[in-house]
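# Chains, contacts and geometry: an overview
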Amino acid sequence: MVFPEDPLSSEKNLDFIRQIIADDLATGRHSSVVTRFPPEPNGYLHIGHAKSVTLNFGVAAEVPGGRCHLRFDDSNPETEDMEYVEAIQRDVRWLGYDWGEHLYFASDYFEDLYGFAVRLIEQGKAYVCSLSEEEIRRFRGTVTRAGTHSPYRERPVHENLDLFSRMRDGEFADGQHVLRAKIDMAAPNMKMRDPLLYRIRHAPHYRTGNDWCIYPMYDFVHPLSDAIEGITHSICTLEFENNRELYDWIIDNVPAPARPRQYEFARLNLNYTVMSKRKLVDLVEGGHAQGWDDPRLPTLAGLRRRGYTPEAIRNFCERIGVAKANSVVDVALLEHTVRDDLNAKTPRVMGVLDPLKVVIVNYPHGKEEELDAPYFPDDPPRMGYRKVPFARDLYIERTDFMEDPPAKFFRLAPGREVRLRWAYLVRCVDVIRNERDEVVEVHCEYDPATRGGDAPDGRRVKGTIHWVSAPHCIEAQVRLYDRLFTEADPEADSEGGLTGSLNPHSLDVVRARVEPGLAGALPGDRFQFERTGYFIADEKDHSPGKPVFNRIVALRDSWKKISAKG
RNA sequence: UGGGGAGUCGUCUAACGGCAGGACAGCGGACUCUGGAUCCGUAUGUGGAGGUUCGAAUCCUCCCUCCCCAGCCA
């Protein structure tokens, strides 16, 4: 979307954030917009973050002169790591966004932040509290009972200054003192009950090393980082609504270089998966997922490896909208945007996931021929044709044959004629079983006059099925992914935690037979295996000599619905 | 039970006192050398009760439900 000249009058369906920005532009409160995406580098980005990324970078791109910063909110030395910084940058870039030179780290502001804290102390608005962690909790009161003042609350300014300085110098042990804002221990908003501003942590920080042993808290760091960078609209999720009062208090009580405002929107939830960092860690560490880039995970690394495209994810984020009501989006919408994108860009090929042998009994032994098949059947010139070899022995999909077919089954069955895609019309004349009475081979006769798939006599066949030549096809490992959980809300039934609703069939590895041209596929190449789904050559495990394909998403399967209804 | 937020088709989301619309999912049909794609059609919704108004999803009152806050995490 493009912002019109006059955002207020001409564009109507703006989400509430964009509406606020349009108003601020119209009233002259701001002449442009500066946003920021502020991840903490202590984990991997997931599709919920993608919503925030597209929102923040999106609105910035829509306003002339707008920009979006990538800022690492790294004020907790114990959990943060450079590995995450790199992974996050990779993911944001992959999503298609560029922060230019606007890469920032809250840890770069530590000295400024310290200065602001000193100013607060000097004004009598902050004090060093020496209560224990447990005491601080008790003194805070409850949501229905006011807290009580810390005995250190009236410590004189000079003493606070001295103590705070010595905290910085490392004279005290972890937990011995904290710096607190002096606000109101009876405030109905718990966040305003003399919130902690600094804590002592004798821990090396991944960027500042041992420069500091006191670290500022989120509520102090965030508004001031925003102000330092000149952020106009600080967009965060709903759980920070209570923090906004404190955000404003901080900005109002230090000589902040700017007056940013915080706005909150509802984070993304998806059904049949989990989004919290904590739960994701549990899945990885519990061995239920194989690393952060497991294709079943909603992490951007996982979705990337699964084969989802950044365009599809961006479209998805655009279509779910931005609002303040908690919601759970149906994962089917995500899958839809993925199919929609892939339908437009992936070449079609043939692959048989569960092979059943077919012998064309009237096709000469040893004969083979090459048939032309378009990569884009709806637009053949786009990529042209490839040659697919045909022979007497073929493989078709086991599910494309039924000995005793129900009505509406248009595929192969005894006596039935079907089209082999781009090849010939064939009719089933015999069925071979093994000693366990399982069908192991199907015999067909082909009509030589139907080469290419069209009958000169104009007769129609209802079904077209895919196939590969047995002597020419190559074997490939195919990983069929399904949702990780069987329950729409995996966190709902708490019995047995998450593992109770894990989908045992979330990964099914099969040995498929694919057309020989796929030997040339490179890691990351995407295809549609006709009638089956979209697949990607795995970035890590695929090689031309050992093809490995991940199923990105299955094709919509209306036969499945028909047969399910009986 | 203190405070802060939120309730519109199954799901997500529009409406800015004036015909409750879109998308996904569903259902039905057309077309098709992918049971894909595409096209057409269709059912389903304003949490509740009052009030204001010619007219209320929208404004007012009361009620109900859900989410967030008592980390030296962010």
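Our structure's up above, just so we're on the same page.
Residues numbered from 1 in each chain as written. Chains lettered and ligands numbered in written order. Predicted model: local features only at pLDDT ≥ 70, side-chain atom pairs only at ≥ 80, totals over all residues. Heavy atoms only, no water.

## With respect to the layout of surface pockets
Volume-wise, the second largest pocket comes out at about 1,000 Å³. Only β1 (34-37), α3 (47-62), α8 (218-229) and β8 (233-237) provide two or more residues apiece to the lining of the second largest pocket. Classifying every residue of the lining of the second largest pocket by side-chain character gives 20 nonpolar, 13 polar and ten charged. (1 Å grid on protein atoms, 1.4 Å probe; cavity = no way out; pocket = protein on both sides within 12 Å on 5 of 7 lines; lining within 4 Å. Points joined across faces, edges and corners; volume = space filled by probe spheres on them. Helix = DSSP H or I, 4+ residues; strand = E, 2+ residues; numbered from the N terminus. Nonpolar A, V, L, I, M, F, W, Y, C, P; charged D, E, K, R; others polar.)

## Brief notes about the packing of aromatic side chains
The full count for this structure, using the stated rule, is 20 aromatic pairs. On the numbers, 5.7 Å between centres and 85° between planes, the contact of Y44 with Y84 is edge-to-face. You can see Y44 sitting in the loop between β1 and α3 and its partner Y84 sitting in helix α4 (residues 82-95), a full 40 residues away along the chain. Looking at Y84, the relative accessible area reads 16%, which means it is buried. Aromatic side chains Y114 and F164 sit 4.8 Å apart centroid to centroid with 10° between the ring planes, which places their arrangement in the stacked category. Note that Y114 is positioned in helix α5 (residues 110-122) and F164 in helix α7 (residues 157-168), a separation of 50 residues in sequence. What makes Y114 buried here is its relative accessible area of 11%. Taken together, the ring pairs in this structure connect F110, Y114, F164, Y198, W212, Y215 and F220 into an aromatic cluster. (Phe/Tyr/Trp six-rings, centres within 6.5 Å; stacked < 30°, edge-to-face > 60°. Buried < 20%, exposed > 50% of the residue type's maximum accessible area, 1.4 Å probe, protein only.)

## Details of the protein's contact with RNA strand B
Around RNA strand B sit 73 residues in total, of which R319, R348, K408, G452 and R531 are the nearest. When the atoms of RNA strand B within 4 Å of the protein are grouped by moiety, sugar and phosphate amount to 69% of the total. Within the side chain of Q528, a nitrogen or oxygen atom sits 2.6 Å from a base nitrogen of RNA strand B. Interatomic distance of 3.3 Å between a side-chain N/O atom of K561 and a phosphate oxygen of RNA strand B. (Near = heavy atom within 4 Å. Polar contact = N/O pair within 3.5 Å; in protein donor to acceptor, adjacent residues only side chain to side chain.)

## Regarding empty space enclosed by the protein
One pass over the structure, following the stated rule, counts one cavity of 30 Å³ or more. What the largest cavity holds in volume is close to 40 Å³. Around the largest cavity sit M350, V388, P389, W467, V468, S469, E515 and P516, which together line it. Contributions of two or more residues to the lining of the largest cavity are made by β14 (385-391) and β20 (467-469). At three residues, the largest contribution of residues to the lining of the largest cavity is made by β20. For the lining of the largest cavity, a count of residues per class yields six nonpolar, one polar and one charged.

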